[in-house]
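# Structural overview for review
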Amino acid sequence: MKFFLDTADVEQLRKAVEMGVCDGATTNPSLVARTGKPFEQVIREVLDVVPGPVSLEVLSLDTEGMVAEARDLHQRNPEKVVVKIPMTPDGIRAVKILAGEGVKTNVTLIFSPAQALIAAKAGATYVSPFVGRLDDISHQGMDLVQDILTIFANYDFDTQVIVASIRHPMHVVEAAIMGADVATIPFAVIEKLFKHPLTDIGIERFLKDFSRVPKD
Ligand code: E4P
């Protein structure tokens, strides 16, 4: 399973790349706003640091506007840029046009298996089911991921599943057990993935014991 960082924060991205846990990145308008930087600067910095696919979201709500924004984003770095498109009828029309032009897309704000199926049929490169936001309203977010993976396997869709809106390490572990293609993970959750209290206790004990080893 690939690890994407769910952030537009270039320092977090740099740290994750150094630790070897950043295969790509996803951003959204809220994450860009959190950086306090202009969008153009964020695009440049993120594309510079991240070694793999970078999802950048369009703001238009109509097909023509989305396609125009997507073409502009795509030409910045055709290899890396993935255009994030919201799951609406206009968005799906845009995905179909962009798929025909070889522009990679990530259909975002997916909350049902039917939405994922439609996005895949339109030729989306990725779909992003938002598990945390479903959990927040007392649904089982990870059940949606399992349903989408089953549907895509039934019909051999090439569309990859990005588990999004991840809130904690168990979302990541469950995504991997289910065989999701990608988990897009906030930096704080990445840090938690490294942690186990027995690891810390073990290191402390080894160092304490070794301090009793006679010097040469
Ligand atoms: C996905 O690509 C989104 O950026 C993200 O996962 C949304 O997560 P949130 O529910 O924490 O805002």
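Before any of the text, the structure's been laid out above.
Computed from a predicted model, the values in this text were never measured in an experiment.

Rules used in this analysis
- Residues numbered from 1 in each chain as written.
- Predicted model: local features only at pLDDT ≥ 70, side-chain atom pairs only at ≥ 80, totals over all residues.
- Heavy atoms only, no water.
- Phe/Tyr/Trp six-rings, centres within 6.5 Å; stacked < 30°, edge-to-face > 60°.
- Salt bridge = Lys/Arg side-chain N within 4 Å of Asp/Glu carboxyl O.
- Helix = DSSP H or I, 4+ residues; strand = E, 2+ residues; numbered from the N terminus.
- Buried < 20%, exposed > 50% of the residue type's maximum accessible area, 1.4 Å probe, protein only.
- Patch = residues over 30% accessible without salt bridge, like charges linked within 9 Å, V, L, I, M, F, W, Y side chains within 5 Å.
- Areas by Shrake-Rupley, 256 points an atom, 1.4 Å probe, with all protein chains shown as cover.
- Pairing = 2+ DSSP bridges.
- Axes fitted to C-alpha atoms, helices over the stretch in contact; angles between N-to-C directions.
- Contact = heavy atoms within 4.5 Å.
- Near = heavy atom within 4 Å.
- Polar contact = N/O pair within 3.5 Å; in protein donor to acceptor, adjacent residues only side chain to side chain.
- Nonpolar A, V, L, I, M, F, W, Y, C, P; charged D, E, K, R; others polar.

### Focus on the packing of aromatic side chains
Tallied over the full model, the rule gives four aromatic pairs. Members of the aromatic cluster, each reached through a chain of ring pairs, are F152, Y155 and F157.

### Side note on the pattern of salt bridges
In this structure the tally under the stated criterion is nine salt bridges. Between K84 and E57 there is a salt bridge whose closest N-O contact spans 3.9 Å. Linking K84 in strand β4 (residues 81-86) with E57 in strand β3 (residues 54-57), this pair joins segments that are 27 residues apart in sequence. Each of the two residues, K84 as well as E57, counts as buried. Two residues, R93 and D90, come together in a salt bridge whose shortest N-O distance is 3.1 Å. With R93 and D90 both in helix α5 (residues 89-100) and three residues apart, the pair spans about one turn of that helix. Accessibility expressed as a relative area gives 24% for D90, which makes it partly exposed.

### So, a nonpolar patch on the surface
A contiguous nonpolar surface patch, about 300 Å² in accessible area, is contributed by M170, V173 and I177. Tracing the sequence through the fold places M170 in helix α9 (residues 169-178).

### Focus: unusual backbone geometry
Even without being a glycine, L109 presents a positive backbone phi close to 65°. Among the secondary structure elements, L109 is positioned in strand β5 (residues 105-110). Of note in this structure, S138 is not a glycine but carries a positive phi near 65°. Relative to the elements of secondary structure, S138 occurs in the loop between α7 (131-136) and α8 (141-154). Judged by its relative accessible area of 71%, S138 falls in the exposed class.

### Focus: the sheet that holds strand β6 (residues 126-129)
Around the barrel, eight strands lie side by side as β1-β2-β3-β4-β5-β6-β7-β8; this closed barrel has parallel pairing. Direction aside, the axes of adjacent strands within the sheet are offset by 30° on average. Bridge count between strand β1 (residues 2-6) and strand β8 (residues 182-185): four bridges; the pairing is parallel. Residue pairing across strands places K2 opposite V182, the latter belonging to β8. Along the sheet, helix α4 (residues 63-76) makes contact with β3 and β4, crossing β4 at roughly 160°.

### Details of the environment of V182
Positionally, V182 belongs in strand β8. For V182, a relative accessible area of 1% corresponds to the buried category. With 21 residues separating them along the chain, V182 and V161 place their C-alpha atoms 6.2 Å apart. V182 has contacts with M1, K2, F4, Y126, Q160, V161, I162 and V163, leaving out every residue within four places of it along the chain.

### Section: the site of the ligand
The full set of residues close to the ligand is D6, T26, N28, K84, F130, R133, A164, S165 and R167. Between an oxygen atom of the ligand and a main-chain N or O atom of S165, the distance comes to 2.7 Å. When the ligand is considered free in solution it has 350 Å² of accessible area, and contact with the protein chains removes 84% of it. Across the shell around the ligand, the residue classes tally to two nonpolar, three polar and four charged.

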